[in-house]
Amino acid sequence: MKYTKLAIFSFVAAAFLTACGSKSTDNTAQTTTEKAAPVVSVITAQAEDVDLTNTFTSNIEPFATNNIVSQTAGRIVSINAEVGQNVRKGQLLAKMDDVNLAKTRMQYVNDSTELSRLTELYKIGAVSQADYDMAKLALNVTQKTYQNLAENTYLRSPINGVVTARNYDKGDMYSMALPIFVVQQIQPVKMLINVSESYFTYVNTDMEFDISVEAYPDEVFKGKVHLIYPTVSATTHTFPVEVVCQNADQKLRPGMFARVTATFGTNHSVVVPDVSVVKQQGSGEHFIYVLNADNTVTYTKVELGRRLGNRYEILSGINEGDQIVTDGQVRLKNGVSVTVK
């Protein structure tokens with residue numbers, strides 16, 4: 001019996017020691033795992049020439065817009081153009097009631113005849129200088145009045161363009177509330193873009209732009225700087241630039257939404273894979289882990305430039321030749337030691 005009790009005690013003791021040893025071994029393994037350095041992949045940051053390209057949005061506008069109106073209200077005798085019609089400079093678009101024009105024409109003829117008569121008398125000294133000058137002035141006033149009435153009776157297009165609006169019909173009383181016609185010049189068309197002040201010294205009148213519109217998704221139109229505004233907005237820190245496209249085929253129409261792309265030169269910048277960039281949650285800041293000589297990493301803030309496919313241009317924060325982490329950032333924090341694959 002004593003032997004049996006001793007055997008049982010020995011068995012229990014051995015089991016206890018075995019359990020303790022196993023637990024100790026497990027704790028050691030766990031500690032070793034926790035202290036193992038994170039495994040990361042790194043590459044060397046390289047610099048290359050990056051085009052300074054920027055895309056602006058704008059609406060296509062006619063190069064010029066003219067409202068065809070008469071200076072006085074009256075009845076419209078004829079309408080000679082329709083919406084969508086291309087018209088030439090000087091083409092007759094509408095005719096107003098010409099009663100006043102006819103009266104003024106008669107007055108002009110009479111004044112012209114009277115001046116001719118007084119001119120002959122003035123030559124022989126039968127008319128005073130004052131009467132002669134008065135007759136010349138009267139004819140001059142009548143002539144200008146007649147010309148003005150003619151322009152407002154026979155309404156002509158002042159530009160080559162297309163009729164984009166007609167607000168009256170033949171026989172209507174024109175009330176001056178709306179223009180009779182609206183004519184827009186669409187050869188060329190223009191776009192107004194707001195360019196960042198950082199590009200102010202890059203923009204010149206020889207610069208060309210690529211223009212794309214949703215109506216022709218596979219086509220790129222060419223534009224050129226027509227006008228550079230001389231001041232920069234203190235609010236937006238941009239300055240307006242007027243871009244003109246010749247639009248020979250008239251595909252571009254006023255009101256279309258356009259994207260205007262310009263290249264302002266090149267920058268020699270560091271370019272890194274997008275997987276190396278870590279976005280700080282809750283802010284717009286971006287970081288990259290940089291590998292140090294002692295195999296620790298530094299959490300480095302960077303300023304991103306353009307996105308180039310699956311890469312980013314880095315404007316500041318990373319230098320050419322830096323070793324940057326591209327994989328394994330999840331377990332990293334600033335200053336931690338790592339194992340490089």
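Let me begin by describing the structure that accompanies this report.

About the criteria used
Residues numbered from 1 in each chain as written. Predicted model: local features only at pLDDT ≥ 70, side-chain atom pairs only at ≥ 80, totals over all residues. Heavy atoms only, no water. Pairing = 2+ DSSP bridges. Helix = DSSP H or I, 4+ residues; strand = E, 2+ residues; numbered from the N terminus. Contact = heavy atoms within 4.5 Å. Axes fitted to C-alpha atoms, helices over the stretch in contact; angles between N-to-C directions. Salt bridge = Lys/Arg side-chain N within 4 Å of Asp/Glu carboxyl O. Buried < 20%, exposed > 50% of the residue type's maximum accessible area, 1.4 Å probe, protein only. Core = buried A, V, L, I, M, F, W, Y, C linked by side-chain atoms within 4.5 Å. 1 Å grid on protein atoms, 1.4 Å probe; cavity = no way out; pocket = protein on both sides within 12 Å on 5 of 7 lines; lining within 4 Å. Points joined across faces, edges and corners; volume = space filled by probe spheres on them. Nonpolar A, V, L, I, M, F, W, Y, C, P; charged D, E, K, R; others polar.

## Observations concerning the sheet that holds strand 9 (residues 173-174)
Alright, step 1. With antiparallel pairing, the four strands of this open sheet are ordered in space as 7-6-4-9. Across the chains shown, the open sheet's two edge strands, defined by having one partner strand only, are strand 7 (154-156) and strand 9.
Alright, step 2. Pairing geometry for strand 4 (residues 74-79) and strand 9, over two bridges, is antiparallel. Residue pairing in the sheet places G74 in a bridge with Y174 of strand 9.
Alright, step 3. Most of the contacts of helix 3 (residues 129-153) go to strand 7, to which it runs at about 65°, and overall it touches strand 6 (92-96) and strand 7.

## Regarding the pattern of salt bridges
Alright, step 1. Throughout the structure, instances matching the rule amount to twelve salt bridges.
Alright, step 2. Ionic pairing is found between D169 and R166, a salt bridge with its closest N-O pair at 2.5 Å.
Alright, step 3. Given the relative accessible area of 42%, D169 is considered partly exposed.
Alright, step 4. Because the salt bridges share partners, they merge into one network encompassing E82, R166 and D169.

## Quick word on the nonpolar core
Alright, step 1. Core analysis: the biggest nonpolar cluster contains 26 residues, and I193, V195, F209, I211, V241 and F264 have the highest contact counts within it.
Alright, step 2. Of all the secondary-structure elements, those providing two or more residues to this core are strand 2 (46-59), strand 10 (181-196), strand 11 (208-213), strand 12 (221-228), strand 13 (238-245) and strand 14 (257-273).
Alright, step 3. Among the elements that line this core, the one with the most residues is strand 10, at five residues.
Alright, step 4. What I211 contacts, discounting residues up to four positions off in sequence, is M191, E219, V220, F221, K222, G223, V243, C245, A258, R259 and V260.
Alright, step 5. Judged by nonpolar contacts, the second largest core, of 15 residues, contains V87, V163, Y174 and V183.

## Looking at the layout of surface pockets
Alright, step 1. Approximately 230 Å³ is the volume found for the largest pocket.
Alright, step 2. Top contributing element to the lining of the largest pocket by residue count: helix 3, with four residues.
Alright, step 3. Its residues assigned to classes, the lining of the largest pocket shows five nonpolar, eight polar and three charged.
Alright, step 4. If you add up the space inside the second largest pocket, you get close to 170 Å³.
Alright, step 5. L52, T53, N54, S198, Y199, Y202, N267, G305, R306, E313 and L315 are the residues that line the second largest pocket.
Alright, step 6. Sorting the residues of the lining of the second largest pocket by element identifies strand 2, strand 17 (297-308) and strand 18 (311-316) as the ones contributing at least two each.
Alright, step 7. Top element by residues in the lining of the second largest pocket is strand 2. It accounts for three residues.
Alright, step 8. Among the residues making up the lining of the second largest pocket, the classes are represented as four nonpolar, five polar and two charged.

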